[in-house]
Amino acid sequence: MTHFNAENKLSNTKVVVTSLVAGAVAGALAKTTIAPLDRTKINFQVAKKRYSTKAAFKFVIRSYQQEGFFALWRGNSATMARIMPYAAIQFTSHEQWKRILHVDTGVSKTYEKQRRFLAGSLAGITSQSLTYPLDLARARMAVTHKETYNSISEVFVKTWKTEGPMTLYRGYLPTILGVIPYAGVSFFTYGTLQNWILAEYGSTNALTNLFCGACAGMLGQTSSYPLDIVRRRMQTSNVTGGHYRTIIGTLRSVIREEGFHGIFKGLSMNWVKGPIAVGISFATYDHIRDTLRALLKS
């Protein structure tokens, strides 16, 4: 499957709509696939207990035994409420930022690598800023029992009443600082590898897209992981009993109490779930986007 250059054949409105639909579906499929691993990772990120593969498996088994099979997907409704608009906005804004910055348009080769990275980072900032309260709700639901929060709306209502509206954006700064390298590296890696495969073999397909996405996910998540720890601690501090208010203070606290490895707690799990999720997300997005645009063109 060659890349479908719909921008030259469809109106920008149709380009945006197809990107939004493809992004929403891709994000939902990817996150649902790795939801149990994601919940496990978040629980270790926000706690002081030491992470290990054995401890992670024990957490999964204990959750299943105590709360049932679907407890492994607890918080996934909040994830879906967030990831569908997040992924839709991220992929769509990425295409628009690429158009604005003339990435892969053939207009200019000057600083193309830097512009490719910048387009990815700006897409991440755009989507994260517009959906951040949903991310906080997802994190809180993942680390609490169902008696605490029964729904996303209950997270918002309780947080607003007891902690104030600004709490819905607690952890926003480390999130944005983390999404700049994460989204930048992810989109840069995916685009660069795709262009290389196109140059070497003439076309891409679902398997090559999965491979490119897996590489992008691993590199992107590794580059920003310590800030992901900070984000989760700050988001959930009021429901876990922690006292994390600033980026530097959180980093110091984690390193002092848990050692330097504490800021990379759960990274090995990310090396499993990250490539799977990002690979599925990128490959699914490309396939659905190109299919929809081909149908609109015909």
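Structure: see above.
Quick caveat: nothing in here was measured; it's all calculated off a predicted structure.

Undergrad: Got a minute to help me understand the environment of Met269 in this structure?
TA: Here Met269 lies in helix α10 (residues 267-297). The class for Met269 is buried, based on a relative accessible area of 9%. As a C-alpha pair, Met269 and Ala294 span 25 residues in sequence and 37 Å in three-dimensional space. Non-local contacts of Met269, meaning those with residues more than four positions away in its chain, are made with Leu37, Thr40, Lys41, Tyr51, Ala56 and Gly274.

Undergrad: How do you make sense of the side chain of Arg233 when you look at a structure like this?
TA: Turning to its location among the elements, Arg233 is positioned in helix α8 (residues 206-240). At 3.0 Å, the side chain of Arg233 forms a polar contact with the side chain of Glu258. Discounting chain neighbours no more than four positions away, the residues touching Arg233 are Phe44, Gln45, Val46, Ala47, Tyr244, Thr250, Val254, Glu258 and Lys265.

Undergrad: Just to check I follow, could you spell out the packing of helix α5 (residues 112-142) against α8 for this structure?
TA: Relative placement of two packed helices is described by the angle separating their axes and the distance separating the axes. Where α5 meets α8, the axes come as close as 9 Å, and the angle between the chain directions of the two elements is 50 degrees. Here α5 lies oblique to α8, going by the angle between them. Here the hand of the crossing between α5 and α8 comes out right-handed. Residues Gln128, Tyr132, Asp135, Leu136, Arg138, Ala139 and Arg140 of α5 lie in contact with α8, whose contacting residues are Arg231, Arg232, Gln235, Thr236, Asn238 and Val239. Taken together, the residues that form the contact of α5 with α8 break down as four nonpolar, four polar and five charged.

Undergrad: Help me out: how do you make sense of helix α9 (residues 247-258) in this one?
TA: Along an α-helix, residues three or four apart share an orientation, since each turn contains 3.6 residues. Between the first and last C-alpha of α9 there are 16 Å, a value that for twelve residues agrees with the 16 Å anticipated at 1.5 Å per step. Among all positions in α9, only Ile247, Thr250, Ser253, Val254 and Glu258 are buried. Buried residues of α9 fall within an arc of 135 degrees about the axis and therefore sit on the same side. Pointing more than 90 degrees away from the buried face of α9 are the exposed residues Ile248, Arg252 and Arg256. Buried-residue contacts for α9 involve α7 (172-201) and α8. Measuring from the side-chain oxygen of the N-cap residue of α9 to the backbone nitrogen of Gly249 gives 3.0 Å; that N-cap residue is Thr246. At the exit of α9 stands Gly259, carrying a positive phi of roughly 85 degrees.

Each value, and the rule that gives it
- Residues numbered from 1 in each chain as written.
- Predicted model: local features only at pLDDT ≥ 70, side-chain atom pairs only at ≥ 80, totals over all residues.
- Heavy atoms only, no water.
- Helix = DSSP H or I, 4+ residues; strand = E, 2+ residues; numbered from the N terminus.
- Buried < 20%, exposed > 50% of the residue type's maximum accessible area, 1.4 Å probe, protein only.
- Contact = heavy atoms within 4.5 Å.
- Polar contact = N/O pair within 3.5 Å; in protein donor to acceptor, adjacent residues only side chain to side chain.
- Axes fitted to C-alpha atoms, helices over the stretch in contact; angles between N-to-C directions.
- Parallel < 35°, antiparallel > 145°, perpendicular 65-115°, else oblique.
- Left-handed = near helix turned anticlockwise from the far one by under 90°.
- Nonpolar A, V, L, I, M, F, W, Y, C, P; charged D, E, K, R; others polar.
- Expected span 1.5 Å × (residues − 1).
- Arc of directions from axis to C-beta.

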